[in-house]
Amino acid sequence: MPDNLVALFYARQAGHADKVALEWQGSPVCTFGELPARVGRYVAALRQLGVTRGDRVMVKTENSPAFVFTYLAVLASGAVFVPLNAAYTAAEVALLMEDAEPVLLVHAAATAVPPAGAGPVRATLEPDGSGSLTDLAASLAPDLAVEPVAATDLAAILFTSGTTGRPKGAMLMHRNLSSNVAALYETWQFSDRDTILHALPMFHAHGLFVALHLGLYSAATLRMIAKFDAAKVVSLLPSVSVFMGVPTFYTRLLDRADFTREVAGGLRLFISGSAPLLPSVFAAFEERTGHRILERYGMTEAVMITSNPYPQAGRIPGTVGYPLPGVELRVVGGEWRGELPPGEVGEIEIRGPNLCAGYWRRPEATAESFGPDGFFITGDTGFRDPDGRVTIAGRSKDLIISGGFNVYPAELEILFAEIEGVSDVAIIGVPHPDFGEAVVALVTASDPAFDAGAIERLAQERLARFKQPKAVHVLAEFPRNAMGKVLKAELRKTYAAQFTEKAG
Ligand code: AMP
């Protein structure tokens, strides 16, 4: 097996020269046979701009086929791909540039970046694929060489979203990416007969390492669109076999009357991840389409970690399934961080070929996250069933301790989402003079006249007193990041003084 991920992709695509590899906004872009030359022109451009093995190339632009070619060219050159969230401000980019020290910054002209000066060479790449990088690539003969890197060489650095503190760069090695895509290919039964609808941002692991990689590894056609657009997705679904999304994609599809059983009928698989999928959404989706969404769990530092099983009946809502082949997972707790028995909530730790090499230039953060036996502390809490199935209880920093008792947000979020009219729930803890922390329930509702009393009534009926929310707020919308994750830190800030002020 070639160690350079790009060489692995090309080897896997052998025999599919005439098949369309990428489509963009409904039109074919290139076949698998044409792909190496398309990438090779960008390899030549990178070389001309001074990029050599081990150099970082920072990229801040929207999804496009040229984004894909640039990504593959960086890896083929033996360089390290550093994608940035397109929404970052110039000040945020400046900090990350200082940290990653790229030799080249590729960006859209209109996107926020620090003013040019000393520092990396710059090239532009627009959302429509044009720009100085593409112009240079088009003027050069393709360089088809693929650098023979070691499996442990870095392929990419992805900065974790880091809602608090300085973002940390997870160092992903070629072998992390190749082992993970192979495990997903097996687990989700991909083949060259698949067509994938790709609507996820590619600056994030979900869009880059899951959706894109599965297409390239399986020699499956990737139908890419610029970004998620529910109407466009409904129109394209009948022509694909697999759709991958974050939970908000699924709720937005369900909001549309034209998202029907017929539209979803031809697909073999709908996958969800990056944030918890509410069982209420799972159930509504099954009722509408007959499909049980396959939920999986992953994170930037380890790509994909667990997945529900492929057979429909094995997909259990509210759970994230079993560790992928080759991945070890344990739930630990107590003073000695010992492994906990089934059913007990503790911290999730993992080890395996998917696990990144640590955080870029942050030895102290790396040391804090990796135990002496190589297990990585994910920062998520959860429990296992006796047969090993994993359920996530929430980020450890979202754990609420009220009156000395642990309250796991996911348990309440799932319960309240069952109430008629509730579209989403976020449970947070805020300071309370008597209890240390108090549970606060925030809900979004489809009906503006939704009665918050329904939450209180269900809580009294179903939950121990210490878990019952001490306040309920109905909001129009939650603050979310680019992947649709609810920004709980922001919500905690908003409601921080709600009990302490009253007490004072
Ligand atoms: P990121 O590094 O941005 O991909 O975020 C990773 C985090 O997203 C994980 O540590 C989890 O907290 C959360 N996450 C990902 N998938 C799931 C899931 N299926 N259910 C619950 N949380 C998830």
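Above this text you will find the structure in question.
Not measured: the values here are computed from a predicted model.

Procedures and definitions
Residues numbered from 1 in each chain as written. Predicted model: local features only at pLDDT ≥ 70, side-chain atom pairs only at ≥ 80, totals over all residues. Heavy atoms only, no water. Phe/Tyr/Trp six-rings, centres within 6.5 Å; stacked < 30°, edge-to-face > 60°. Helix = DSSP H or I, 4+ residues; strand = E, 2+ residues; numbered from the N terminus. Pairing = 2+ DSSP bridges. Contact = heavy atoms within 4.5 Å. Axes fitted to C-alpha atoms, helices over the stretch in contact; angles between N-to-C directions. Core = buried A, V, L, I, M, F, W, Y, C linked by side-chain atoms within 4.5 Å. Buried < 20%, exposed > 50% of the residue type's maximum accessible area, 1.4 Å probe, protein only.

### Some thoughts on the packing of aromatic side chains
Now for step 1: Per the stated rule, a full pass over the model turns up 14 aromatic pairs.
Now for step 2: With a centroid separation of 5.2 Å and an interplanar angle of 75°, the aromatic rings of Y185 and Y217 are classed as edge-to-face. Of this pair, Y185 sits in helix α6 (residues 174–187) while Y217 sits in helix α7 (residues 205–218), placing them 32 residues apart in sequence.
Now for step 3: Ring centres 6.4 Å apart and planes at 70° place the aromatic pair F243 and F270 in the edge-to-face group. Remark: F270 occurs in strand β12 (residues 269–272) and F243 occurs in strand β11 (residues 242–245); sequence separation between them is 27 residues.

### Quick word on the sheet that holds β12
Now for step 1: Pairing is mixed across the open sheet formed by nine strands, whose spatial order is β2-β1-β10-β9-β11-β12-β13-β14-β15. A strand with exactly one partner marks an edge of an open sheet, and here the two such strands are β2 (27–31) and β15 (322–323).
Now for step 2: Strand direction decides the pairing type here: strand β14 (residues 303–307) and β15, joined by two bridges, are antiparallel. Opposite S307, over in β15, you have Y322 as the bridge partner.
Now for step 3: Helix α9 (residues 247–254) rests against β11 and β12 of the sheet, and its axis sits at about 115° to β11.

### Re the nonpolar core
Now for step 1: In this structure, Y71, F209, L214, L237, F243, M244 and F416 are the most contacted members of the largest nonpolar core, which totals 143 residues.
Now for step 2: Tallying contributions element by element places helix α3 (residues 65–76) first for this core, with ten residues.
Now for step 3: Once residues within four sequence positions are removed from consideration, F243 is found in contact with L197, F228, V233, L237, F249, Y250, L253, L267, L269, F270 and I271.
Now for step 4: Among the nonpolar cores identified, the runner-up in size contains 17 residues, and M58, Y88, I157 and M173 belong to it.

### Some remarks on unusual backbone geometry
Now for step 1: At Q189, a residue that is not glycine, the phi angle is positive and equals roughly 55°.
Now for step 2: Relative to the helices and strands, Q189 is located in the loop between α6 and β9 (195–198).
Now for step 3: Q189 gets classed as partly exposed once you look at its relative accessible area, which sits at 48%.
Now for step 4: Of note in the backbone geometry, R361 takes a positive phi value of approximately 50° without being a glycine.
Now for step 5: Residue classification places R361 among the partly exposed residues on the basis of a relative accessible area of 44%.

None of the figures reported here should be taken as evidence of function without further support.
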